[in-house]
Amino acid sequence: MSDTTLVDTIICAASAAWRHDGEVLATGIGMVPRLAASLAKLTCNPDLMLTDSEAWLVAEPVPVGPRGEYRIRRETHMGFARIFDNVWGGKRHAMVGPTQVDRYGQANISMIGADHRKPKTQMLGVRGFPGNSMNHANSFFVPNHGTKVFVEGEVDMVASAGYNPARLARGWGFDDIDIRLLLTNLCVMDFGVPVLAGAFVQPARGRDCGAGSAGNGIPGARAR
Amino acid sequence: MNKLITASDVVAQLRDGMTIGIGGWGPRRKPMTFIREILRSPLRDLTVVSYGGADVGMLCAAGKIRKLVFAFVSLDFIPLEPYFRRARQSGSIEVMEIDEGLLMLGLKAAAMRTPFIPTRVGLGTDVLRHSPAIKLVDSPYDDRQWVAMPALPLDVALLHVDRADARGVCQVKGPDLYMDDLYARAAARTYVTADELVEAEAFGQGDEARYVFWERAQTTGVVHAPCGAHPTSCAPLYGFDVKHLKEYAASAKEPGGWAQYCERYVACGEEEYLRRVGGEAVVRKLPLPVF
């Protein structure tokens, strides 16, 4: 399978993540998730809401890169403060690209290393991951499936909460966390979310990516 | 009422150890004239609260920061801020690393003069583990524990706006205010740099007043600083200076790179800075970012 074909296949598979979401804000961070969200809007879920990655909610997907004569079709203002209003209301499904993911679905974009006071590698910081993970559905895209991303134990900095009973505060349960798809260059996995059962066909057919058999380190996740 | 002041007089009023909030977001509408003025000053041991970009990077490079309250530090098209990374990886700054929304709630709580705002944001994450100052509280209304995001009161907020008048009426016409209104309200004193100074009557025209997001009572002082956000953007007046930010980021790879950057762009003063980056006419033609 050529790289181009693989990327196209992943984008198609990823777009299905939003199929049953109804009228929510679809946010794809990074090129593949962004194109997947755009594709979902144009195919399986026209009710989705998208932004221009800047400050507006738009009626149709915004082309990537320089736009020439194209003018975005604005629906409403969507500055950062407004994004948080939306996040905290729960009507959003984000697809993001974490640097580390663990067996609980906990994810990290902040830093690598054992000592938070002095990271081995400082990355972005937790950004909006904590809020996203406790408020709305989230999917992950990992372009380089391997043990560097899918770590043993827990991720170095839990930026995005997962299905880890040890970290639940009193009164909170797994129902308060909604991790949907975990897409990689090898396969698509999930954490057994019933609403997605049979949503689409595994794209990387013929590759062995079953949980536990590809060294992905996430026994909680299952291959689709 | 005349709140006009110079950037150097503003910075002369700041003290070592103060908590300073910096408006804008990443590479967007940062009060860079103030930042460069701080770089020229002996100020140190600052606690900085920021949706960070080159503002935080430069203050890290110059060793001005004791503690940073942040959710990210990034130049966006250059995702990883080099001087911030260096400061973190050498363990030279203390941090309170929180969610973007938590930072907003902390400012909001300070603006509302409440000690905290309850939220679910942060539950289940290492944000709580690494910042034990953020407590969980029982709810009087349900059986759950909630994150009590503490207020983030600021001694001073530093902001950049499109235009202002001498009374401190400030206007932002870019598509995103970011959290600048909350910074202004969370701070004991708020100083703004303004690309353009206008007469008070300007806000009475058409719908100009719709782009004023806090009351002048929240503004302590106004500095006239054309292109004062450069090299960050001030949409719709100018975009961010990709070439300059690349040069800045590349300086971190050279031995003595920061000293050279400072020598060329900071030590020279603001008037000469603007000349060295091409002048006002060139900056105002910098294209707005497209994604």
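Just so we're clear, the structure is a prediction, and the values are computed from it rather than from any experiment. (Residues numbered from 1 in each chain as written. Chains lettered and ligands numbered in written order. Predicted model: local features only at pLDDT ≥ 70, side-chain atom pairs only at ≥ 80, totals over all residues.)

A. Layout of the interface of chain A and chain B. At the interface, 38 residues of chain A touch 37 residues of chain B. Looking at the side of chain A that touches chain B, its residues break down into 20 nonpolar, 11 polar and 7 charged. (Contact = placed C-beta atoms within 7 Å. Nonpolar A, V, L, I, M, F, W, Y, C, P; charged D, E, K, R; others polar.)

B. Layout of helix H3 (residues 54-61) of chain B. The buried fraction of H3 of chain B amounts to 8 of the 8 residues, a majority that puts the element mostly inside the structure. Phi for Gly-63 of chain B, located one or two positions after H3 of chain B, is positive at around 70°. (Buried ≥ 20, exposed ≤ 12 C-beta atoms within 10 Å, placed from the backbone. Helix = DSSP H or I, 4+ residues; strand = E, 2+ residues; numbered from the N terminus.)

C. Focus on the sheet that holds strand S4 (residues 74-77) of chain A. Residue and element names in this part refer to chain A. Strand order in the open sheet formed by 3 strands is S2-S3-S4, and the pairing between neighbours is antiparallel. Each end of this open sheet is capped by a strand with a single partner; those strands are strand S2 (50-51) and S4. Across 2 bridges, the pairing between S2 and strand S3 (residues 56-58) is antiparallel. Counted as the bridge partner of Leu-50 is Val-58 from S3. (Pairing = 2+ DSSP bridges.)

D. Region of interest: the domain arrangement of chain B. One can read the domain layout of chain B as domain 1 (7-97 + 153-283) and domain 2 (116-150). Taken over C-alpha atoms, the centre of domain 1 of chain B sits 31 Å from the centre of domain 2 of chain B. (Domains from an automatic or database assignment.)

E. Geometry of the sheet that holds strand S6 (residues 135-138) of chain B. Residues and elements named next belong to chain B. Pairing is antiparallel in the open sheet, where 3 strands are placed in the order S5-S7-S6. Taken across any chain shown, the strands that pair with only one partner, and hence form the sheet edges, are strand S5 (116-119) and S6. For this sheet the average axis-to-axis angle between neighbouring strands, irrespective of direction, equals 45°. Here 4 bridges tie S6 to strand S7 (residues 145-150), and the two strands are oriented antiparallel to one another. Counterpart to Asp-138 in the pairing with S7 is Gln-145. Relative to S7, helix H5 (residues 100-112) is tilted by about 65°, and along the sheet it contacts S5 and S7. (Axes fitted to C-alpha atoms, helices over the stretch in contact; angles between N-to-C directions.)

F. Just unusual backbone geometry, in detail. Residue and element names in this part refer to chain B. Note the cis peptide between His-230 and Pro-231, where omega equals 10°. As for its placement among the helices and strands, Pro-231 is situated in the loop between strand S11 (221-224) and helix H8 (242-251). Note that the residue after Ala-235, namely Pro-236, is joined by a cis bond; omega there is 5°. Here Asp-45, not a glycine, exhibits a phi torsion of approximately 60°, which is positive.

G. Highlighting the pairing of strand S1 (residues 25-28) of chain A. Residues and elements named next belong to chain A. Burial along S1 is two-sided: the face carrying Leu-25 and Thr-27 and the face carrying Ala-26 and Gly-28 are both buried. Here 4 bridges tie S1 to strand S5 (residues 92-96), and the two strands are oriented parallel to one another. Bridging from a neighbouring strand, Leu-25 pairs with Arg-92 of S5.

H. A look at the environment of Ala-202 of chain B. Residues and elements named next belong to chain B. By secondary structure assignment, the location of Ala-202 is in the loop between strand S10 (187-197) and S11. For Ala-202, a count of 17 C-beta atoms within 10 Å gives the class partly exposed. Spatially, the C-alpha atom of Ala-202 lies 40 Å from that of Pro-118, the residues being 84 residues apart in sequence. Beyond its immediate sequence surroundings of up to four residues, Ala-202 is in contact with Asp-165 and Glu-208.

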